[in-house]
Structures are given as structure tokens and as C-alpha cells.
Amino acid sequence: MANVIKLHKGLDIHLQGKAEEQLIKLQSKGLYALVPDDFEGVTPKVVVKEGDKVKAGDALFVNKQYPEVKFASPVSGTVREVVRGERRKVLCVKVEADAQQVQVDFGKKDVAKMNGQQVIDALLEAGIFGYINQLPYAVSTNPTIQPKAIFVSALRDKPLAADFQFEAKGQEQDFVTGIMALSKIAKTHVGLGIQPDFQTEIRKLGIDQYAELTIFDGKCPAGNVGVQVNHIDPVNKGEVVWTIGDPTVVLFIGRLFNTGKVDLRRRVALCGSEVKSPAYVDMLVGEELSTLLSNSYDADHHVRIINGNVLTGRPTTKEGFLGAHTSEITVIPEGDQADEMLGWILPRFKQFSVNRSYFSWLQNPWFCSKKKAYALDARIKGGERHMIMSGEYDKVLPMDIYGEYLIKAIITGDIDRQEALGIYEVSPEDFALAEFVDSSKLELQRIVREGLNILRKENA
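Computed from a predicted model, the values in this text were never measured in an experiment.

## Looking at the pairing of strand S15 (residues 241-244)
On S15, burial covers both faces: Val241 and Thr243 on one face and Trp242 and Ile244 on the other are all buried. As defined by bridge partners, strand S10 (residues 133-135) adjoins S15 across 3 bridges and the pair is classed as antiparallel. Within the sheet, the bridge partner assigned to Gln134 lies in S15 and is Trp242. Summarising the sheet, strand S12 (residues 149-153) and S15 pair through 4 bridges and their orientation is parallel. The residue bridging Phe151 from the neighbouring strand is Thr243, located in S15.

## Some thoughts on the environment of Ala375
Mapped onto the fold, Ala375 is located in the loop between strand S20 (328-333) and helix H8 (392-396). For Ala375 and Pro333, which are 42 residues apart along the polypeptide, the C-alpha to C-alpha distance reads 8.1 Å. Residues contacting Ala375, with those up to four places away along its chain left out, are Gln16 and Ser273.

## A short note on the packing of helix H1 (residues 116-126) against helix H6 (residues 248-259)
Interaxial distance between H1 and H6 falls to 11 Å at its minimum, and their mutual angle equals 95°. In terms of their interaxial angle, H1 and H6 are classed as roughly perpendicular. Counting all contacts with H1, which are made through Val119, Ala122, Leu123 and Ala126, the residues of H6 involved are Ile253, Leu256 and Phe257. Here the residues of the contact of H1 with H6 are counted per class, giving 7 nonpolar, no polar and no charged.

## Digging into the sheet that holds strand S3 (residues 31-34)
Strand pairing in a sheet relies on backbone hydrogen bonds, with the paired strands running either antiparallel or parallel. Strand order in the open sheet made by the 4 strands is S3-S9-S8-S5, with antiparallel pairing throughout. At either end of the open sheet lies a strand with only one pairing partner, and these are S3 and strand S5 (53-54). Here S3 runs beside strand S9 (residues 90-97); their pairing, made up of 4 bridges, is antiparallel. Its bridge partner lying in S9, Leu31 is registered against Glu96.

Definitions and limits used
Residues numbered from 1 in each chain as written. Predicted model: local features only at pLDDT ≥ 70, side-chain atom pairs only at ≥ 80, totals over all residues. Heavy atoms only, no water. Buried < 20%, exposed > 50% of the residue type's maximum accessible area, 1.4 Å probe, protein only. Helix = DSSP H or I, 4+ residues; strand = E, 2+ residues; numbered from the N terminus. Pairing = 2+ DSSP bridges. Contact = heavy atoms within 4.5 Å. Axes fitted to C-alpha atoms, helices over the stretch in contact; angles between N-to-C directions. Parallel < 35°, antiparallel > 145°, perpendicular 65-115°, else oblique. Nonpolar A, V, L, I, M, F, W, Y, C, P; charged D, E, K, R; others polar.

And the structure:
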């Protein structure tokens with residue numbers, strides 16, 4: 001039996017536009033781009049030049065600090081452009097796909113006969129090791145450091161999140177193979193939600209032999225891998241754990257060993273209140289979004305297109321590309337055309353409120369199982385203010401840390417206090433809900449990321 005951990009803190013935000021479990025097919029335009037910023041902490045060194053021919057699985061760039069960590073092209077084709085920004089920062093490497101796809105054959109492998117170092121070497125060779133992150137610092141991990149454990153979260157619970165059970169249907173063997181491979185490196189923990197069908201299938205395939213399963217029963221952010229680490233085996237100073245908060249990465253790993261080829265295909269939810277027909281689509285990492293977004297919403301509406309979910313995703317455009325860890329493309333109203341006469345004084349039955357500031361809370365009584373879904377826009381509704389120690393963060397942060405005090409320590413640059421307050425255990429996404437409910441309108445995820453980057457440099 002799996003362990004069950006009940007979380008009492010958190011917040012579920014019910015939004016309109018959740019993707020229906022139906023798959024739509026798209027004809028790709030053939031342009032792909034791998035974006036280094038999708039891999040936190042990686043300084044890219046491009047190893048191709050414009051005009052080069054590459055196969056799916058060939059490296060496009062490497063991590064300058066650890067050159068053995070390669071990042072594979074999702075398709076075979078011709079390198080069209082290496083896009084650079086200020087100070088020659090690499091923004092992306094674009095590849096124009098061939099009509100007939102060719103993949104590098106790394107050879108099928110029997111994971112049961114491999115050791116941990118052989119698994120790491122295989123992932124490095126195929127260019128998908130960089131998809132694994134680590135705590136502390138919440139960055140792409142260092143292959144030279146042995147982790148004390150590996151944590152995988154197969155629970156997605158953010159607003160409008162794609163259903164991993166739907167994505168993994170028919171791919172359970174790849175998931176179990178990926179977990180088996182990770183278990184060769186270190187003790188592996190898999191965090192699950194209440195997904196009876198998925199749990200039954202992976203247990204039939206013997207996943208209990210390779211990983212310790214834990215069911216997290218609670219509101220968002222129970223699916224955050226950092227939250228799961230905090231409740232199972234917290235990270236102390238000097239310790240390192242590897243984390244996979246995007247369970248599709250486990251499918252990437254399993255496919256590599258089962259087929260011998262790099263397959264960066266993932267199932268993506270096209271969702272949001274502005275989307276005409278929310279549904280799922282199979283795409284490759286780095287695929288151009290214009291095909292997916294054409295005619296999917298009213299062109300005359302001012303919308304915010306988000307590469308990811310509404311809490312942690314990045315704003316993008318139709319000309320953007322699918323992120324390496326993106327499982328949702330979300331389209332919501334921008335809100336810049338909203339005209340609300342007597343705005344703050346209205347009863348606001350159609351606006352979501354955490355602290356019952358609006359009368360809409362009456363439509364979601366505690367005894368109602370089906371909650372009202374809202375069409376929220378991208379407005380902040382107020383400017384940045386002085387930080388108020390109100391306990392708001394603690395209500396939505398199910399971790400054994402003092403969130404408000406940690407944020408203050410980061411802002412003031414007090415490294416000793418940051419360490420004492422648990423900065424090694426957190427990642428920016430853990431503060432996404434706190435940022436949503438914060439009455440001071442602080443960019444908490446940015447603050448945490450800057451604090452982690454400074455601490456990483458200090459400890460280098």
C-alpha cells in the first residue's frame with residue numbers, strides 16, 4: 001500500500017476553459033526551437049551553426065559549466081537560425097524540420113542490467129539529462145553529484161492543469177521503465193494524486209519494486225515536487241536531491257531505453273476561458289505555437305497567451321514555441337479593456353476572492369462539491385505595496401517553513417537567515433499561490449529565483 005499524506009493548506013482555483021479529454025490533430029508547419037531559458041541554471045554553448053543538418057537526438061547546445069550535459073534536437077532538419085539577444089545571450093536555436101524524420105539510434109537497453117552510472121551516461125549521450133532538476137537552487141542538475149534521493153511528482157493540480165493520467169494512457173510501460181532507470185541512481189519517490197486507473201496500471205507493471213509511492217491528498221500545490229520533498233525527506237544544507245516536477249520527462253527517459261531513440265513528444269492541453277474548444281494535442285518540445293493557436297480564439301479579443309499554467313507559466317505569442325516543461329497552453333483575457341464603473345465597490349459576483357472581499361464566495365459554499373468556475377483576466381488589480389505580515393502565505397503554503405519571513409530575508413539579502421528559514425527546500429513555483437493571494441502584490445516567484453541565484457553564486 002502507498003503512503004497517504006493529507007495536506008490541509010492550499011487553494012484550488014477553479015477556472016473556465018478546462019481541456020476536454022479529446023485529442024485534436026494538427027499539421028505542423030515544420031519550425032521548431034529549443035529555448036535555453038527553459039532549463040533553469042544552464043549557460044548554453046551552441047554546438048551547431050546555421051545551415052547544419054541534424055538528426056532528432058543530436059545536440060543543439062550544451063551546458064557551458066558541464067559540457068557533457070547536452071540538449072537534443074526534437075526533430076531532424078536544418079538549423080535555420082541561432083537567435084541571440086542582448087550581450088549575445090542565446091535566446092533559442094531554430095530548426096526547420098525535414099519532411100522525412102531521421103532519429104539517432106542510441107540502441108535499446110535492458111535497464112534491469114544497468115547500474116546508476118550507465119543510466120546517467122545514457123541520458124547524457126541522448127541529450128535529455130538536462131530535463132532533471134535539483135534541490136537546492138531549483139536548477140538543472142549537476143551530473144557529477146550523487147543525490148540522496150530522486151523525487152518525481154505525477155500529480156498536476158494547478159489551475160487548468162493537463163491530466164497526466166490521460167497523457168500516460170497506453171504509455172504506462174514507458175513510465176515504469178523511466179522510474180526503474182532513475183531507481184538505479186538513487187532511492188526514488190513517486191508522488192501521486194487520487195488516480196486509481198493510473199495507479200492500478202503502473203502497479204501491475206511492478207513499479208513498487210523500484211520506487212516508494214506516496215499519495216498526496218490535498219489542494220494545490222500538493223503536486224509541487226518541492227512540497228512533496230518537504231513532507232517526505234526535507235533537504236538540509238549540504239544535501240542534494242534530484243527532482244522531476246514534470247512527469248512527462250519520465251516518459252522521455254522510458255522511451256529512450258525502450259526504443260533507443262529520443263522522442264520528445266508530449267500531450268498538451270489547449271485551455272483557458274478564451275479558447276473556443278479546449279482540448280488536447282500531441283506536440284513536440286519546441287514546436288511552433290502558431291498552428292495550435294490559429295482560429296482557436298477570437299482574434300479581436302485582447303488575450304494573454306501563456307506558455308504553461310496561469311500561476312507559473314510565461315507570457316508568449318503565436319510566434320512562440322512550446323516550452324520544454326510545458327503541459328498547457330493557456331489563453332485568458334488580458335483585462336486591459338475592462339471598464340468597471342465603481343469597480344471596487346461593486347458586489348462582484350463573477351470575480352474570485354480568497355478572503356471573501358467579493359460576494360462571489362456565497363456561490364461556493366463549503367458543502368458544495370461542484371465549485372463555480374471563473375473567467376479571470378491577467379490584471380494585477382493594484383500596485384506593489386509595503387509587505388504586510390498578514391499570514392496570507394501560510395494559508396496556501398503546505399510546507400514546514402515561515403514563508404513571509406523567508407521572503408523578507410531574501411529581500412534584505414540576509415543569507416544566514418535565509419538558510420535558517422529553509423531556502424534550500426524551496427523553488428519559485430512553491431510561492432506561486434502565495435503570489436496570487438498576496439495583498440502586497442509582490443512578485444514572489446521572481447524574488448525567490450533571485451535569492452536562489454545569489455545563494456548559488458555565494459556557495460559556488
